[in-house]
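An overview of the molecular structure
Chain by chain, the residues:
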Amino acid sequence: MSSLTEKHLLTIVKKSGIGILILNQNYEIVIANQWFLKSSNLSEQDLENKLIFDAFPELVGTRTLKSIEQCIQFSQYSILTHTLNPYPFPLYENEQKMFKNERIYQYLHIIPISIEDESNSFCMIQISDVSQQVTREKLLREQMVIAKEREIDAKKASQAKTDFLASMSHEIRTPLNAILGMADTLAETNLSEEQVEYLTVLRNSGKALYNIINDILDLSRIESGKLEIESIEFSIRDLLKETISLFLMKAKAKGIRINYTVSENISETIKGDSTRIQQILINLIGNAMKFTENGSISVNASLSNSNKVLILDVEDTGIGIPNEKLHSIFESFTQVDSSTTRKYGGTGLGLTITKKLILMMKGEIFVESELGKGSKFSIHIPYERLVHRESNIHQHWLDLELPDPENFPKCKILLAEDSEENVFIIKTFLRKYPIELMIAKNGKDALEKFQNEKFDIILMDMQMPEMDGLEATTEIRNYEQKQNVDPLLMVPIIAISANVQKEAISKSFLAGITSYLSKPVKKLEILKLIYFYLAL
Ligand code: ADP
């Protein structure tokens, strides 16, 4: 160190890679190094021995000058980052930037320098150029903001899509219910052969549209994470029997055999989501039926060797699927070839929903197929054996034998329903039976009518203006409680709703409804349920 002369030290300061400005106690600039001179485009003569506020008048009143004053008067050390220092020194990267007054971003150290054994002291200002870091930081921040905005937009869009689909499907389902209900009623009247044919087309198209809407709604519910998988006790034997029975007529008409087997080692009652398993089977058997012209369809339930996996196979002797398409058929809106829709109909959503449902159940789906010979879809889902049996697939009231209208018990029913078409459909369903039907056009009206008259049953539409079914049910139950009605004698309330989400159904039960019918209401279902309550 001792070998360094004053000249050496001065040269080191002058050639330093950062900006250095040294002031004495009188605010005079004693050194401005080369970096500073170059960046400010000033000469030594412009600066040296000048007062700092004369050399840079624009610094007056800024944080930079205040820090310099603190340094000279009180020997205070400060650091000014570019964010804390909105008025940095007029320093530029090049002439062009100087012309545009685009200053470099600066990081300032303002350092008091006292000299040993002397009363003299100095203020050293060190300036680093942090433009690159700032630009990078800014870019990162912008990217983060954009990413965040995109994330919010995507969330909003997905929510909007789900809401839109839910309300759209509800809006479409309501008039479609009316169409299907009226078509059913029309089928009961005297029709010519030609009219029966037209009506069949109308009913089939209506049902097809209904299925498409349900598929789209299901997919949007799965994708938005709103669909929950239940775990309830049910009988796989009953489930298969019921599901196969849905296809018996069609199989007979097509001349196809359809059968099912259940391995003996599967317990009577198992645990799982019976509704979704049935939906999966309906999709797979429906496809097998669609793509098989002759031969047979067989459905087999068995257990894996470990007894931990339930295997459901749906096998057909249909047209088969080419090897290279075996994976893509599980993608949305995908069919083996574009002629499929023309020839067989369908949306290409069935297998997508099926696969997603199986994954949600922590299961897997496999497919084997040979063109012209047939296909085999295998579902593997976790199996849990149960000893006691409590099946919910067969609701006992559905097994009831309905008496002829003249032997049906006389009763008075309140129907709370805002849609005139739905009122008309239910009226036509019940018209031959000795049922006195009163109509309430919303929940409020229903509550008033209930308080003034006695009804055997209430049919409650859940979506109504002014007061919806949920609120009306709660109010009716509150009223009954206040009147000290014996819980066993409380009026049965049958909810009728297009919303089949688990959450909506459990909310309705919590509010006090006794049964839940999903739209479109079927004539036999509603009559059997009414009969069930009357016969209690
Ligand atoms: P969709 O049947 O509504 O078109 P899916 O997602 O259920 O939609 O099926 C996708 C495609 O996979 C069908 O269009 C068909 O080409 C093919 N496929 C599905 N199941 C079978 C089957 N059992 N036999 C032959 N092809 C099938």
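The coordinates are above.
Scope of this entry: the structure provided in the associated data block.

Scoring rules and cut-offs
Residues numbered from 1 in each chain as written. Predicted model: local features only at pLDDT ≥ 70, side-chain atom pairs only at ≥ 80, totals over all residues. Heavy atoms only, no water. Pairing = 2+ DSSP bridges. Helix = DSSP H or I, 4+ residues; strand = E, 2+ residues; numbered from the N terminus. Axes fitted to C-alpha atoms, helices over the stretch in contact; angles between N-to-C directions. Salt bridge = Lys/Arg side-chain N within 4 Å of Asp/Glu carboxyl O. Buried < 20%, exposed > 50% of the residue type's maximum accessible area, 1.4 Å probe, protein only. Parallel < 35°, antiparallel > 145°, perpendicular 65-115°, else oblique. Left-handed = near helix turned anticlockwise from the far one by under 90°. Contact = heavy atoms within 4.5 Å. Nonpolar A, V, L, I, M, F, W, Y, C, P; charged D, E, K, R; others polar. 1 Å grid on protein atoms, 1.4 Å probe; cavity = no way out; pocket = protein on both sides within 12 Å on 5 of 7 lines; lining within 4 Å. Points joined across faces, edges and corners; volume = space filled by probe spheres on them. Phe/Tyr/Trp six-rings, centres within 6.5 Å; stacked < 30°, edge-to-face > 60°. Lys NZ or Arg CZ within 6 Å of the ring centre and 35° of its normal.

Considerations on the sheet that holds strand 10 (residues 309-316)
- With respect to topology, five strands assemble into an open sheet ordered 7-9-10-12-11, the strand pairing being mixed. Each edge of the open sheet is held by one strand with a lone partner, namely strand 7 (256-262) and strand 11 (364-370). Going from strand to strand, the sheet's axes swing by 10° on average, the running direction of each strand aside.
- In this structure, strand 9 (residues 295-303) lies alongside strand 10, joined through seven bridges in antiparallel fashion. Counted as the bridge partner of I297 is D316 from strand 10.

Let's talk about the pattern of salt bridges
- With the rule as written, the count across this model stands at 20 salt bridges.
- Salt-bridge contacts for R203 lead to D184; the nearest nitrogen and oxygen are separated by 2.7 Å. One end of the pair, R203, is in helix 8 (residues 193-223); the other, D184, is in helix 7 (residues 131-187), with 19 residues separating them in the sequence.
- When its relative accessible area of 25% is taken as the criterion, R203 is described as partly exposed.
- Note on D184: relative accessible area 31%, which makes it partly exposed.

Details of the packing of helix 9 (residues 236-245) against helix 11 (residues 274-290)
- Axis separation between helix 9 and helix 11 bottoms out at 10 Å; the angle between their running directions is 40°. When the interaxial angle is binned, helix 9 and helix 11 end up oblique. The chirality of how helix 9 crosses helix 11 is right-handed. Residues L239, L240, E242, T243 and I244 of helix 9 lie in contact with helix 11, whose contacting residues are S274, I277, Q278, L281, I282 and I285.
- Counted by class, the contact of helix 9 with helix 11 contains seven nonpolar, three polar and one charged residues.

A closer look at the packing of helix 7 against helix 14 (residues 420-430)
- Look at helix 7 against helix 14: their axes get within 9 Å of each other, and the N-to-C directions meet at 25°. Considering the angle they form, helix 7 stands roughly parallel to helix 14. The handedness of the crossing between helix 7 and helix 14 is left-handed. Of the residues in helix 14, those in contact with T174, N177, A178, G181, M182 and T185 of helix 7 are E421, N422, F424, I425, T428 and F429.
- Tallied by class, the residues present in the contact of helix 7 with helix 14 amount to five nonpolar, six polar and one charged.

Section: the side chain of N24
- Inspection of the secondary structure assignment puts N24 in strand 1 (residues 19-24).
- Looking at N24, the relative accessible area reads 13%, which means it is buried.
- The contacts of N24, once residues within four sequence positions are left out, are V30, I72, S121 and F122.

Some points on the layout of surface pockets
- Quantified by volume, the second largest pocket comes out at close to 550 Å³.
- Lining the second largest pocket are 21 residues, with K454, L489, M490, V491 and P492 sitting closest to its centre.
- If you tally residues by element for the lining of the second largest pocket, the top one is helix 16 (residues 469-482), at three residues.
- In the lining of the second largest pocket, the residues fall into 14 nonpolar, two polar and five charged.

Structural notes on the packing of aromatic side chains
- Counting across every chain of the model gives nine aromatic pairs.
- Both rings, one in F408 and one in Y433, keep their centres 5.0 Å apart while their planes meet at 75°; by these two values the pair is edge-to-face. Taken together, the positions of F408 in the loop between strand 13 (385-386) and strand 14 (411-416) and Y433 in the loop between helix 14 and strand 15 (435-440) put the pair 25 residues apart, joining distant regions of the chain. Summarising the burial analysis for this pair, F408 and Y433 share the class buried.
- With 5.6 Å between their ring centres and 40° between their planes, F408 and Y531 make a pair best called tilted. Within this pair, whereas F408 is found in the loop between strand 13 and strand 14, its partner Y531 is found in helix 18 (residues 523-535), the two being separated by 123 residues in sequence. There is no split in this pair, since F408 and Y531 are both buried.
- Over the ring of F330 we find K355; its NZ or CZ atom is 5.2 Å from the centre of that ring.
- Over the ring of F455 we find K412, and its NZ or CZ is 5.3 Å from the ring centre.

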